[in-house]
Amino acid sequence: MSIIQQSFSIDPQQYVPAVISAITTVVLFVVVFAIIYTLGKYFMTRAVETSLRQRNFDESLVGLAVSTTVVIIAVVAVALAATVAGFGVVLSAFAVLAGALALAVGFASQNIIANFVAGVFIVQDKPFVVGDWIEWDGNSGVVREIKLRVTKLDTFDNELVTVPNRDLANAVLFNNVANDQRRVSVDFGIGYDDNVELAREAIVSEGAEIDGVLNEPEPAAPVTDLGDSDVVLSGRIWIDPTESSYGAVRAEFVEAVKERFDAEGIDIPYPNTELSGNIGVGDVGESEGVTGD
């Protein structure tokens, strides 16, 4: 029995060095991490935040950059603390695994990254802001919300449209309310026998009476085309798109000019075609034909 007891005897003293070493390693890791993380976060985030704000970057981008900096500092602190504490082998294996994972995620999220980068440029360059009426690739809407991945817009039928930022960043985009003046142009056709000056006076005076139409530039109605059936005058009035609705002003302009033309007896012709020629009728059995120009 004494031999068996001796073979299974445990001496606690033999584990003391290992426990002390493990505790020392953990404490060293925690202390080094805390120092590096605290100092790095304090100095680096302040430097990044100050630098971006001095260059007038958008606050959302400043916040994103600061948050990203904090994450990077934490990763660097873990790596340095692990190296100092003697976790080099584990750290190497972790680095290889993290690299492979990052490569796989990168391939799987190309569209997400592209939209994110496009969102950063949209927020910074401000081709449009919330409330703007924009048009792109045959679509249009009023911007409701700009996120770093997508932009949400409301159509004029009150439908919500969510557009990836990459599509907006790569498209030819029209911002209809970016400037403080915008021209409203409507083509009006009159008959060739009608008085051009009378029609021009009607267009200009009716346009000037509409609420929201600016005095400068003045309303105008130059002749822009000689069509097959009409003489075309381009009615031109100017508005401040931030104060007046383009669609409402244009609709009122068209209706007012139509009523004025009716009152003045000015014709608004519609396309027509004249046929000239003769019809010949032959004897029975002969073919009948129609000739004309």
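Residues numbered from 1 in each chain as written. Predicted model: local features only at pLDDT ≥ 70, side-chain atom pairs only at ≥ 80, totals over all residues. Heavy atoms only, no water.

(A) Representation of the sheet that holds strand E5 (residues 173–175) within the structure. The 5 strands are arranged E4-E3-E2-E1-E5 in an open sheet whose pairing can be described as antiparallel. In the strand order of this sheet, the two ends are held by strand E4 (160–164) and E5, each with one partner. For this sheet, the mean angle separating the axes of adjacent strands, direction not counted, is 40 degrees. In this structure, strand E1 (residues 133–136) lies alongside strand E2 (residues 139–146), joined through 4 bridges in antiparallel fashion. Across the sheet, residue Trp 133 finds its bridge partner in E2, namely Val 142. (Pairing = 2+ DSSP bridges. Helix = DSSP H or I, 4+ residues; strand = E, 2+ residues; numbered from the N terminus. Axes fitted to C-alpha atoms, helices over the stretch in contact; angles between N-to-C directions.)

(B) Inspection of the sheet that holds strand E6 (residues 182–190) at higher detail. Reading across the sheet, the 3 strands line up as E6-E8-E7 and stay open at both edges, with antiparallel pairing between neighbours. A strand with exactly one partner marks an edge of an open sheet, and here the two such strands are E6 and strand E7 (223–226). Within the sheet, the average angular offset between the axes of one strand and its neighbour, ignoring direction, is 25 degrees. Where E7 meets strand E8 (residues 231–239), 3 bridges bridge the pair, whose relative direction is antiparallel.

(C) Quick look at the nonpolar core. Core analysis: the largest hydrophobic core is formed by 22 residues, its most contacted members being Phe 188, Ile 190, Ile 203, Ile 237, Phe 253 and Phe 261. Going through the elements one at a time, E6, helix H7 (196–208), E8 and helix H8 (246–264) are the ones with two or more residues in this core. In terms of residue count, H8 provides more of this core than any other element does, 5 residues in total. In contact with Phe 261, other than residues within four places in its own chain, are Phe 188, Ile 190, Ala 199, Ala 202, Ile 203, Ile 266 and Ile 268. Listed in part, the 9 residues of the second largest apolar core include Ile 122, Trp 136, Val 143 and Leu 153. (Core = buried A, V, L, I, M, F, W, Y, C linked by side-chain atoms within 4.5 Å. Buried < 20%, exposed > 50% of the residue type's maximum accessible area, 1.4 Å probe, protein only. Contact = heavy atoms within 4.5 Å.)

(D) Expanded view of H7. For H7, which comprises 13 residues, the first-to-last C-alpha distance of 18 Å matches the rise-based estimate of 18 Å (1.5 Å per residue) to within 8%. Buried within H7 we find Ala 199, Ala 202, Ile 203, Ser 205 and Gly 207. Elements that come into contact with the buried residues of H7 comprise E6, E8 and H8. Capping the start of H7 is the job of one residue whose side-chain oxygen sits 2.9 Å from the backbone nitrogen of Glu 197: Asn 195. (Expected span 1.5 Å × (residues − 1). Polar contact = N/O pair within 3.5 Å; in protein donor to acceptor, adjacent residues only side chain to side chain.)

All quantities given are derived from atomic positions and should not be read as evidence of function.
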